[in-house]
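Structural description and commentary
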Amino acid sequence: MATQAYSLPQWKPKHNPWAVALTVTLATFMEVLDTSIANVALPHIAGSLGASQDEATWVLTSYLVASAIILPISGWLSNRFGRKRFYMTCVVMFTVCSLLCGLAPTLPFLILARVLQGLGGGGLAPSEQAILADTFPIEKRGQAFAVYGMAVVFAPAIGPTLGGWITDNFNWHWIFFINLPVGLLSLFLSNRMVEDPPHLVARKEASKHLKIDFMGLGLVALGVGLLEFTLDKGQEKDWFSDTGIRVSFTAAIVLLIWFVYWEWKHPDPIVDIKLLKNRNFGTAVFLQLVLGMVLFGSTVLIPQYLQSLLGYTAERAGMVLSPAGFVLIIMMMIAGKTLGKVDARAMAAFGYFCTAVGVYNLTRLDLTTSYGTATLWRIFQMMALPFIFIPISTLNYVGVPAEKSNQISSLSNFARNIGGSAGTALLTTFIARTSQTHQQVLGSNVVRGSVAYNIYITRMQTLLVGRGMSVAQAAQTAMGQAYLQMQLQATMLSYKNAFVLLSALLFFLVPLPFLMRLPKKREKPAPEAVGH
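Quick caveat: nothing in here was measured; it's all calculated off a predicted structure.

1. A look at the overall build of the protein
Of regular secondary structure, the protein possesses 23 helices and zero strands. Excluding contacts between residues fewer than 6 apart, the proportion of contacts in the protein whose partners are at least 24 apart in sequence is 85%. With an accessible surface of roughly 22800 Å², the protein has 68% of that area assigned to carbon and sulfur atoms.

Printed below as a string of structure tokens:
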């Protein structure tokens, strides 16, 4: 099996591999940018279409559910219909549906367009990573994934700022219209540059005679869709106290267990579950799942903290995140060049350790943290991520047959996507619940006999009376301010607890990369290694 996996570098693409890498990276940039921009524009969309904020969140939820459904089956679709054809279909769907989103006259129309856009966008990332894995020899994959990773980190870095600028100076329709030229250019270049290697062509021909697993398709679509819905709407509906959430979660678990059993027995599975028996891939999927929880979770927590506790606008909170994206581009290049010179497992362990320290450092955030300090700490938290992403993405494919690269990339992206959804949902719930607990503890200490409380109330009353308030009104306002400060302190403590939890999780992962095997030296074709 291992020899088969590394026979791939004997095939060479017709075009320069780096031209192929830049071509597929273009669509990645478009898709990730659109997701981060849509988050910022949500209040504008709600106001323009006459919808409530809760109703408008379906613009985000519908996209997430659709992309989550397509992720695990994109590998099978690539094998069945040809990877280039599937990839270009995804680009067409995403681009056309971006136009429909921009033209949407009503919220239901926009949500439907976002569902179709999610089906297209969700299929892009797995196809792109599989294309890179097939196009580059094993010793060059680290640098190829570094180029791809630049788009993944740069797009969300500029997305919130760009989205705020577009919605403030134009209108929300343009956050979708800007995808059109990028999508058309990506389509043109993909048609010229991307090609299917011989093993994929043979796989496509062989699969024509096999029956489509409609049962597997139905089970994964319903199961993943219901799970994504549960994670996205759970906290909003108070989780299992809501009948709808209980039903959707139970149905999701039953359907997914049935799906795993069905696919394990099927001769041509939609998702090749047996790949998880491979030590490298099984470990990588778990690491990607947890990385998704931490990465997406912290990316949601920091802007929330800045806006709810420090009073930042959405655009200014986005500007705190943006510099980290530019630093990551440099770190991606460094990590890509470092990969071939050091043990990839040690590199990943180093990345997890540094990221854990960076996340723990965020516990120093308080109600007086300056803009510059918050920006620097965000950079420190994110800068080691390339040392995780690149080696894990490369070791993913070790010992796996070349014809399974589509399945590998689709399952890896699915794990990171579900991890992100689960992490965001669980952290949001964790903060809401622990904030209430901290408020009760702090409130028990705020009594009229407390010296600190009396000093605060006296000082606040004096200040308010000096500004023209009556004594009675000043006393009432001072008590209100004391309660507000207590709420802010309780929420701040809950965020600190969340960062401690995330850092502990990352510290636990530090030794796990060493469970993975390195590619054997003899498996690298000597002429190719010299030639590159």
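There's plenty left to go through after this.
2. Structural notes on the environment of L365
Mapped onto the fold, L365 is located in the loop between α17 (344-361) and α18 (371-382). Of the residues examined, L365 reaches a relative accessible area of 4% and is grouped as buried. For the pair L365 and W377, spaced 12 residues apart in sequence, the C-alpha separation works out to 9.0 Å.

3. Thoughts on the nonpolar core
Ranked by internal contacts, the top residues of the largest apolar core, which has 108 residues, are L132, L301, L306, Y352 and F499. Ranked by residue count, the leading element in this core is helix α15 (residues 279-309), at 12 residues. In contact with L301, other than residues within four places in its own chain, are L427, I431, Y495, A498, F499 and L502.

4. Let's talk about helix α7 (residues 107-122)
Relative to the 22 Å expected for 16 residues at 1.5 Å per residue, α7 spans 22 Å between its end C-alpha atoms, a close match to the ideal helical length. A distance of 3.4 Å separates the backbone nitrogen of F109 from a side-chain oxygen at the start of α7, and that oxygen is part of T106.

5. Brief notes about a nonpolar patch on the surface
A cluster of nonpolar side chains, M215, W258, Y261 and W262, forms an exposed patch at the surface whose accessible area comes to about 430 Å². The leading source of residues in the nonpolar patch is helix α14 (residues 243-265), at three residues. One can find W262 in helix α14.

6. Quick look at the packing of helix α5 (residues 74-81) against helix α6 (residues 83-103)
Running from N to C, α5 and α6 point in directions that differ by 120 degrees, and their axes come no closer than 6 Å. Considered as vectors, α5 and α6 are oriented oblique to each other. Touching S74, L77, S78 and F81 of α5 are R83, R85 and F86, all from α6. Split by residue class, the contact of α5 with α6 holds three nonpolar, two polar and two charged.

7. Digging into the side chain of N179
Within the fold, N179 resides in helix α11 (residues 179-193). Excluding anything up to four places from it in sequence, N179 contacts M30, D34, F94, T95, S98 and Q117.

8. Things to note about the packing of helix α4 (residues 58-70) against α7
Across the interface, α4 lies against α7 with an axial gap of 7 Å and an inter-helix angle of 30 degrees. What the angle tells us is that α4 and α7 run roughly parallel. Like other packed secondary-structure pairs, α4 and α7 cross with a definite hand, here right-handed. Counting all contacts with α4, which are made through W58, V59, L60, S62, Y63, A66, S67 and I70, the residues of α7 involved are L107, L110, I111, R114, V115, Q117, G118, L119, G121 and G122. Its residues assigned to classes, the contact of α4 with α7 comprises 11 nonpolar, six polar and one charged.

9. As for the packing of aromatic side chains
Each pair of aromatic rings is reported with the distance of its centres and the angle of its planes. Here the structure, examined in full by the defined rule, presents five aromatic pairs. Geometrically, the ring pair formed by W172 and F176 is edge-to-face, given 6.2 Å between the ring centres and 90 degrees between the ring planes. We note that W172, like F176, is buried. Ring centres of W174 and F177 lie 5.3 Å apart, and the angle between their planes is 80 degrees; this geometry places the pair in the edge-to-face category. One end of the pair, W174, and the other, F177, are both in helix α10 (residues 174-177), three residues apart, so they sit about a helical turn from each other. We classify W174 as partly exposed; its relative accessible area is 43%.

10. Here we look at the side chain of T355
Considering the arrangement of structural elements, one finds T355 in helix α17. Judged by relative accessible area, T355 falls into the buried class, the value being 3%. Beyond its immediate stretch of four places on either side in the chain, T355 contacts Q381, A384, L385, I388 and L506.

About the cut-offs
- Residues numbered from 1 in each chain as written.
- Predicted model: local features only at pLDDT ≥ 70, side-chain atom pairs only at ≥ 80, totals over all residues.
- Heavy atoms only, no water.
- Helix = DSSP H or I, 4+ residues; strand = E, 2+ residues; numbered from the N terminus.
- Contact = heavy atoms within 4.5 Å.
- Areas by Shrake-Rupley, 256 points an atom, 1.4 Å probe, with all protein chains shown as cover.
- Buried < 20%, exposed > 50% of the residue type's maximum accessible area, 1.4 Å probe, protein only.
- Core = buried A, V, L, I, M, F, W, Y, C linked by side-chain atoms within 4.5 Å.
- Expected span 1.5 Å × (residues − 1).
- Polar contact = N/O pair within 3.5 Å; in protein donor to acceptor, adjacent residues only side chain to side chain.
- Patch = residues over 30% accessible without salt bridge, like charges linked within 9 Å, V, L, I, M, F, W, Y side chains within 5 Å.
- Salt bridge = Lys/Arg side-chain N within 4 Å of Asp/Glu carboxyl O.
- Axes fitted to C-alpha atoms, helices over the stretch in contact; angles between N-to-C directions.
- Parallel < 35°, antiparallel > 145°, perpendicular 65-115°, else oblique.
- Nonpolar A, V, L, I, M, F, W, Y, C, P; charged D, E, K, R; others polar.
- Left-handed = near helix turned anticlockwise from the far one by under 90°.
- Phe/Tyr/Trp six-rings, centres within 6.5 Å; stacked < 30°, edge-to-face > 60°.

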